[in-house]
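Residue strings, one per chain:
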Amino acid sequence: MRRFARIVVWTGGIVLALLLAAGIAGFYLVRSDWLREKVRERIVQEAQVATGGRVEIGSFRFNWHSLTAEFDKLVIHGREASDQAPLLAIEKLSIGLRIISLMKRQFDVASVKATQPRVHVIVDQDGRTNIPEPGRHSGKSVPETILDLKIGNYTLDDASFLAESPGFKQERAGWSVKGENLAAKVNYSAAGPRYEGEFSLAALHLGLDGLAPFDASVQFRGAMEKDRITVSRAFVKTAGSEAEFTAGLVKGFANPVVTTKYRLRLSLREADRIFKLVNFQHTGNLDLNGDARFVSLRDYQASGTLSGQGIQYGPVKQLGVAGRFAAQPDRIDLSGLRVSALGGAIAASGEVRNLKTFHVSGTLDHFDADDLASLAGLRVWAGQPKPLP
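Predicted model, so just to flag it, every value in this text is computed and none were measured. (Residues numbered from 1 in each chain as written. Predicted model: local features only at pLDDT ≥ 70, side-chain atom pairs only at ≥ 80, totals over all residues. Heavy atoms only, no water.)

Some details on the overall build of the protein chain
Inference 1: Along the backbone of the protein chain there are 4 helices and 19 strands.
Inference 2: Taking all 389 residues of the protein chain together, 29% fall into the buried category.
Inference 3: Pairs at least 24 residues apart make up 42% of the contacts formed inside the protein chain by residues separated by at least 6 positions.
Inference 4: When the accessible area of the protein chain is evaluated, it comes to approximately 24700 Å², of which 58% is carbon and sulfur surface. (Helix = DSSP H or I, 4+ residues; strand = E, 2+ residues; numbered from the N terminus. Buried < 20%, exposed > 50% of the residue type's maximum accessible area, 1.4 Å probe, protein only. Contact = heavy atoms within 4.5 Å. Areas by Shrake-Rupley, 256 points an atom, 1.4 Å probe, with all protein chains shown as cover.)

Dropping the structure here:
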């Protein structure tokens, strides 16, 4: 019996020693260059299958204490030529993970930080782009989920976007984005092909050139097919304003034509701050509802209704406005316009030409002559306006 006990003790000791040795070996293995290279190769392989593009990673590091993966010079090549800029290039990418369940191998993306991300989209004359089709799909006509992602915090530093098509090239550079709680889901159907998805950004902190920083939440639901994008609903909300677009369509990527229905509520005070209109002190809200068509700044149309209450414009306070409008590049037509201010009302119609000249005709009711004269720097004396001293 004692001999059996000694065997059990010795066997247990040997097993523990082997486990300890394996643990030590594993500790150094996970930190070895060999394993990092194997992991990097697997990430490249999986990324190429998921995106359908050719993926390059300069270097890869993983911090096991903070569960953070770092990539240098991440590049995804699409269908562009070899001498053209890639579809996506990121100088440095950091991804923080959060363990949900080790047993089920479930992880959340806690944070993403991208430094100098460069997006380059090319559209040819037939409306085809350099965006590749995903490599992992069954080829069936039924939609398949190719992306289901949630990110706790994200940061884009010094980002740029370049769009090119025959006779057109536009780049937007030098903008930064921070936000929380990003959720995105994309389904892909080989029949078409067709991408259909939705995403939401609960808290987006934007810094754009020429504008004051502002926060917004964003929701989007839509689909992309060959040479067209349909927008079921896009919604953007800031501290004081909101915009909703429905029944949207972008048709013809080479020469896009955008049509949509819109509903806007604009905080004039917030607009002054964001657009740095330091010489204005507007207050109140302006609501606009209608339809729009946009091709370029020289070819667009927008029509609908406008209304506003509690507006302050210069010395005029508690101004109300309602009416209809139709806008195009060289003129804005106003009809059924009714403005209430200074205890009176204006019923009018008019037009604005080239944002320079304004013509209006209508009637004024219940205005005080002294109030109207004071707005022009005049005072009424013995029935005649006189300059104020």
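Digging into the environment of Arg172
Inference 1: Here Arg172 lies in strand E6 (residues 168–189).
Inference 2: For Arg172 and Asp209, which are 37 residues apart along the polypeptide, the C-alpha to C-alpha distance reads 9.2 Å.
Inference 3: Every residue in contact with Arg172, bar those within four places of it in the chain, is listed here: Ala159, Ser160, Phe161, Leu208 and Asp209.

Observations concerning the pairing of strand E11 (residues 257–267)
Inference 1: Here strand E10 (residues 242–251) runs beside E11; their pairing, made up of 8 bridges, is antiparallel. When the bridges of E11 are listed, Leu249 appears paired with Thr259.
Inference 2: Following E10, the chain reverses through 5 residues before pairing antiparallel with E11; Gly252 in that reversal takes a positive phi of roughly 80 degrees.
Inference 3: Inspection of the sheet shows E11 paired to strand E12 (residues 283–296) by 10 bridges, in the antiparallel sense. Residue pairing in the sheet places Val258 in a bridge with Phe294 of E12. (Pairing = 2+ DSSP bridges.)

Description of the environment of Ala234
Inference 1: With respect to the helices and strands, the residue Ala234 is situated in strand E9 (residues 228–237).
Inference 2: Each C-alpha atom, one on Ala234 and one on Gly248, is 8.7 Å from the other, the two residues being 14 residues apart in sequence.
Inference 3: Leave out the neighbours within four places in its chain, and Ala234 touches Gln219, Phe220, Ala243, Glu244 and Phe245.

Thoughts on unusual backbone geometry
Inference 1: For Asn181, which is not a glycine, the phi torsion comes out positive at approximately 55 degrees.
Inference 2: Summarising the element assignment, Asn181 is placed in strand E6.
Inference 3: Taking the relative accessible area as the measure of exposure, Asn181 reaches 49% and is therefore partly exposed.
Inference 4: The phi torsion at Gln318 lies on the positive side, around 50 degrees, for a residue other than glycine.
Inference 5: Residue position: Gln318 is located in strand E14 (residues 316–328).
Inference 6: The class of Gln318 is exposed, set by a relative accessible area of 63%.

Quick look at the pairing of strand E13 (residues 299–313)
Inference 1: Relative to E13, E12 is paired through 12 bridges, and the arrangement is antiparallel. Looking at E13, one finds that Asp287 is bridged to Ser307.
Inference 2: The antiparallel hairpin formed by E12 and E13 contains 2 residues in its connecting segment.
Inference 3: Relative to E14, E13 runs antiparallel, the two sharing 9 bridges.

Interpretation in functional terms is not warranted from these geometric data alone.
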